[in-house]
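Fold and geometry: a report
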Amino acid sequence: MLAVPKSQQVKSLVGIWRIDQLISEAPDDAWQQLSCGDGAKGPSLFNWASAKLPVIDFFDGDEPTHRRWVLARRSIKRPDEIAYYLAYAPTGSTPADLVRIAGSRCAIEECFQAAKNECGLDEYEVRRCPGWYRPVTLAMLAHAFLAAMAAAAGL
């Protein structure tokens, strides 16, 4: 699952479209109200539209195990606010599965923010790959250790 800008191009064998153009052409019944997880005030409800992209034989093979998807999240209160996603999911995935995965992004962002605050994840200078991997790996290892210790202590 990857959040993309509205100008993201979606390519297939029959053409290239911007993702916002594809979603704007979706019929009204393509949108369904789904929760992407529980927030501080209960379920996070949004209107979601999704579509599987066509199989490309030379890329996906004869029996594809995964499919590409286009996904859009529209605010219920402000319908002009739309977020766009591209996904690559196992063949049996449903739109509800994709929505659940998109909702897990908040927990991941909170984890990175905690690692920045507690372990100095944002205190490095990038000049080369080793200069990025070493401090990031050490900070994430320290954060995992602290999280495990807090869980063991019942905090």
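Residues numbered from 1 in each chain as written. Predicted model: local features only at pLDDT ≥ 70, side-chain atom pairs only at ≥ 80, totals over all residues. Heavy atoms only, no water.

Let us now look at the overall build of the chain. A tally of regular secondary structure across the chain gives five helices and seven strands. Mapped from its N terminus to its C terminus, the chain presents α and β elements in the order β-β-β-α-β-β-α-β-β-α-α-α. The C-alpha radius of gyration of the chain comes to 19 Å, more than 25% above the 15 Å expected for a compact globule of 155 residues. Across the 155 residues of the chain, 25% fall into the buried class. Residue pairs in contact within the chain that sit at least 24 positions apart in sequence constitute 41% of those at least 6 positions apart. Of the accessible surface of the chain, which amounts to about 10800 Å², a share of 56% is contributed by carbon and sulfur atoms. With 17 positive and 18 negative side-chain charges, the chain shows a spacing of 4 Å between the two charge centroids. (Helix = DSSP H or I, 4+ residues; strand = E, 2+ residues; numbered from the N terminus. Rg over C-alpha atoms; globule rule 2.2 N^0.38 Å. Buried < 20%, exposed > 50% of the residue type's maximum accessible area, 1.4 Å probe, protein only. Contact = heavy atoms within 4.5 Å. Areas by Shrake-Rupley, 256 points an atom, 1.4 Å probe, with all protein chains shown as cover. Lys, Arg positive; Asp, Glu negative; His and termini not counted. Charge placed at Lys NZ, Arg CZ, Asp CG, Glu CD.)

Counted by the stated rule, this structure contains two salt bridges. Taking the shortest distance from any N to any O, the salt bridge between Glu81 and Arg78 comes out at 2.7 Å. A residue is classified by how much of its surface remains accessible, and Glu81, at 38% relative accessible area, is partly exposed. (Salt bridge = Lys/Arg side-chain N within 4 Å of Asp/Glu carboxyl O.)

Moving on: helix H3 (residues 95–103). Those residues of H3 not exposed but buried are Leu98, Val99, Ala102 and Gly103. Seen from one end, H3 has its buried residues packed into an arc of 140°, which puts them on one side. (Arc of directions from axis to C-beta.)

In this section: helix H4 (residues 105–119). Relative to the 21 Å expected for 15 residues at 1.5 Å per residue, H4 spans 21 Å between its end C-alpha atoms, a close match to the ideal helical length. Taken from the residues just after H4, Gly120 is the one with a positive phi, measuring 70°. (Expected span 1.5 Å × (residues − 1).)

Listed in full, the 12 residues of the largest apolar core are Leu34, Cys36, Trp48, Trp69, Leu71, Ala83, Tyr85, Ala87, Ala89, Leu98, Val99 and Ala102. Looking at which element gives the most residues to this core, the answer is strand E7 (residues 82–90), with four residues. If you look at the next biggest cluster of nonpolar residues, it comprises 10 residues, including Val4, Val10, Ile23 and Leu53. (Core = buried A, V, L, I, M, F, W, Y, C linked by side-chain atoms within 4.5 Å.)

Moving on, we get to the packing of aromatic side chains. Counting across every chain of the model gives two aromatic pairs. Ring plane angle 80° and centroid distance 6.4 Å describe the contact between Phe46 and Trp48, whose orientation is recorded as edge-to-face. For Phe46, a relative accessible area of 22% puts it in the partly exposed group. Counting every residue linked through ring pairs, the aromatic cluster contains Phe46, Trp48 and Tyr85. For the cation-ring pair, Arg73 lies above Phe46, with the distance from its terminal atom to the ring centre recorded as 4.7 Å. (Phe/Tyr/Trp six-rings, centres within 6.5 Å; stacked < 30°, edge-to-face > 60°. Lys NZ or Arg CZ within 6 Å of the ring centre and 35° of its normal.)

Moving on: the environment of Leu98. One can find Leu98 in helix H3. Residue Leu98 is classed as buried on the basis of its relative accessible area, which comes to 2%. In sequence terms Leu98 and Asp20 are 78 residues apart; their C-alpha atoms lie 18 Å from each other. Ignoring any residue separated from it by four or fewer positions in sequence, one finds Leu98 in contact with Met1, Trp69, Leu71, Ala87 and Ala89.

Right, let's get into the side chain of His143. Inspection of the secondary structure assignment puts His143 in helix H5 (residues 129–152). When neighbours within four sequence positions are excluded, His143 is seen to be in contact with Cys111, Ala114, Ala115, Glu118 and Cys119.

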